[in-house]
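Fold and geometry: a report
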Amino acid sequence: MNWEQLLSLRRQGDKGKRLRVEQDDTRLGFEVDYDRIIFSAAFRSLQDKTQVIPLSKTDFVHTRLTHSLEVSVVGRSLGRLVGKKILEKYPHLKEVHGYHMNDFGAIVAAASLAHDIGNPPFGHSGEKAIGEYFSIGKGQQYKDQLTPKQWQDLIDFEGNANGFSVLTANRPGIEGGLRISFATLGAFMKYPKESLPKKPTKNIADKKYGFFQSDKNFFEEVAADMGLIPNKSGKDIGFERHPLAYLVEAADDICYTIIDFEDGINLGLVQEEYALEYLIKLVKDSIDSAKYSTLNTKEDRISYLRALAIGSLINDAVRVFIENEEAILAGKFPYALMDKSKYKAQMDDIIKLSVKNIYQSREVIEKEIVGYQIIQTLLDKFISAMNNKFNGTASNYDQLILKMLPEKHNLEKENLYDRLLHICHYVSMLTDGNALELFETINGTKK
């Protein structure tokens, strides 16, 4: 892979290349990506989607929106620091093609901003609830009517693939979705493969999948334009990662490790003395002991350590990337950056404590149970109604259910797979609160 090709400004529908030297620096294409994402309805819905604690009413807790904004800030820093090093190593990128270090920051920031845009309500349990509706629930009846890869898309419903669809899928009059630049799409694609074969290797790029069968053709177009390296053969499609996808993943890893931990501390799920012990291991080389001793409140102490910890992890992620840049370009770096960080043991300790005290807390478990019931009920009602309408057997109740669909989602779908995926997509775009309200309306329990 080469950087000029990887930094493609091309957008869906373009007939030719967009040259960096011809860009207006006051309105750079990669920055337009960020703007389009932040003004999108899908991004706004993240304000009422859980990061850790579903349906939480406390101001302490991060939503998917605040988490995504924070990941984009960390991603911008990572991109700029890496961009500076890349331009020093390959000066022609600046001298001939006109790229700046801020271009790298803008790409990673935009992709980081969008990294959770396809996630269903109720956290990662929302993905599992959709998948299990098909694998062990009422949706099992559709298996024999789908191809193996279509079926895998449904039973292993993946927020990353759904996000790619959000950013790129056509609607009547809206060609190419948000029309994000290919470079930003490349950085967004953490798992550039289809749903089967599932986890064929230990390569981090094969951990999950990154696109639905309905989006396969455009995914391949993006990958080919940027020169991503194919790593599958025959009828299976998969590629090595775009190098900047490593930075998006690192930004996410850094934020959820440190900031979810901070949420747990502020909620009292993790005791402060434990937190201090864990965080100080990350910041022992940069902490100002005199400044720290002047901080009187738990919130201020934790905030100070959090900022230093994120800084330490950013700098180390950049080190790992630059040391392995040639292997990454060659498609021969099958790891997450933070897996090779000198702070990996400390991050693992924090995550282990977070899993025990936060992710598996009673409050989280109770809300996830509610989420399962809500999501599977909504899927069943809307899928049944849409299929009955297609088959000409819709009852009056089915017609009423379909009237609950927003106009942009009330579309005719000729293909069963498209109908099933369409309803999954609709449910996945609901906020936690919207899903709960719709569930109560359908069940007749809305007050």
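Here we summarise the structure given alongside this text. Quick caveat, the model's predicted, so the values are computed rather than measured.

Running from N to C, helix 18 (residues 362–390) and helix 21 (residues 432–443) cross one another at 60°; their axes reach a closest spacing of 10 Å. Taken together, the axes of helix 18 and helix 21 lie oblique to each other. Every pair of crossing elements has a handedness; the one defined by helix 18 and helix 21 is left-handed. Counted together, Gln-373, Ile-374, Thr-377, Leu-378, Lys-381 and Phe-382 of helix 18 and Ala-435, Leu-436, Leu-438, Phe-439, Ile-442 and Asn-443 of helix 21 form the full contact between these two elements. Its residues placed into classes, the contact of helix 18 with helix 21 shows eight nonpolar, three polar and one charged.

A few words on unusual backbone geometry. For the bond from Leu-196 to Pro-197, the omega torsion is 0°, close enough to zero to count as cis. You can see Pro-197 is positioned in the loop between helix 10 (182–188) and helix 11 (216–226). In this model, Lys-199 sits at a positive phi of 45°, which is unusual for a non-glycine residue. Relative to the helices and strands, Lys-199 is located in the loop between helix 10 and helix 11.

The full count for this structure, using the stated rule, is 27 salt bridges. Notably, a salt bridge pairs Asp-225 with Arg-10, separated by 3.1 Å at the nearest N-O pair. Here Arg-10 lies in the loop between helix 1 (3–6) and helix 2 (29–38) and Asp-225 lies in helix 11, a separation of 215 residues in the sequence. One salt bridge connects Arg-306 with Glu-262, and the closest N-O pair in it is separated by 3.0 Å. With Arg-306 in helix 15 (residues 298–323) and Glu-262 in helix 12 (residues 243–266), this pair connects stretches of sequence that are 44 residues apart. Judged by its relative accessible area of 9%, Glu-262 falls in the buried class.

Another aspect to go through is the packing of aromatic side chains. The tally for this structure, following the rule as stated, stands at 15 aromatic pairs. Taken together through their ring pairs, the aromatic side chains of Phe-164, Phe-182, Phe-211, Phe-218, Phe-219 and Phe-239 make up a single cluster. If you follow Arg-241 out to its NZ or CZ, it ends over the ring of Tyr-246, 5.1 Å from the centre. Cation over ring: Lys-340 sits above Tyr-335, and NZ or CZ is 4.1 Å from the ring centre.

Moving on to the side chain of Asp-380. Position of Asp-380 among the secondary structure elements: in helix 18. With relative accessibility at 15%, the residue Asp-380 sits in the buried group. What Asp-380 contacts, discounting residues up to four positions off in sequence, is Tyr-133 and Lys-138.

Within the secondary structure layout, Arg-301 lies in helix 15. Polar contacts involving the side chain of Arg-301 include one to the side chain of Glu-272, which spans 2.8 Å.

Quick look at helix 20 (residues 416–428) now. Compared with an ideal rise of 1.5 Å per residue, which puts 13 residues at 18 Å, helix 20 spans 18 Å between its outermost C-alpha atoms and is within 8% of the ideal. Summarising burial for helix 20: 12 of the 13 residues are buried, a large majority. The complete set of buried residues in helix 20 reads Leu-416, Tyr-417, Arg-419, Leu-420, Leu-421, His-422, Ile-423, Cys-424, His-425, Tyr-426, Val-427 and Ser-428. Buried residues in helix 20 make contact with helix 7 (124–135), helix 8 (148–155), helix 9 (159–168), helix 18 and helix 21. The backbone nitrogen of Tyr-417 has a side-chain oxygen 2.8 Å away, supplied by the residue at the start of helix 20, namely Asn-415.

About the cut-offs
- Residues numbered from 1 in each chain as written.
- Predicted model: local features only at pLDDT ≥ 70, side-chain atom pairs only at ≥ 80, totals over all residues.
- Heavy atoms only, no water.
- Axes fitted to C-alpha atoms, helices over the stretch in contact; angles between N-to-C directions.
- Helix = DSSP H or I, 4+ residues; strand = E, 2+ residues; numbered from the N terminus.
- Parallel < 35°, antiparallel > 145°, perpendicular 65-115°, else oblique.
- Left-handed = near helix turned anticlockwise from the far one by under 90°.
- Contact = heavy atoms within 4.5 Å.
- Nonpolar A, V, L, I, M, F, W, Y, C, P; charged D, E, K, R; others polar.
- Salt bridge = Lys/Arg side-chain N within 4 Å of Asp/Glu carboxyl O.
- Buried < 20%, exposed > 50% of the residue type's maximum accessible area, 1.4 Å probe, protein only.
- Phe/Tyr/Trp six-rings, centres within 6.5 Å; stacked < 30°, edge-to-face > 60°.
- Lys NZ or Arg CZ within 6 Å of the ring centre and 35° of its normal.
- Polar contact = N/O pair within 3.5 Å; in protein donor to acceptor, adjacent residues only side chain to side chain.
- Expected span 1.5 Å × (residues − 1).

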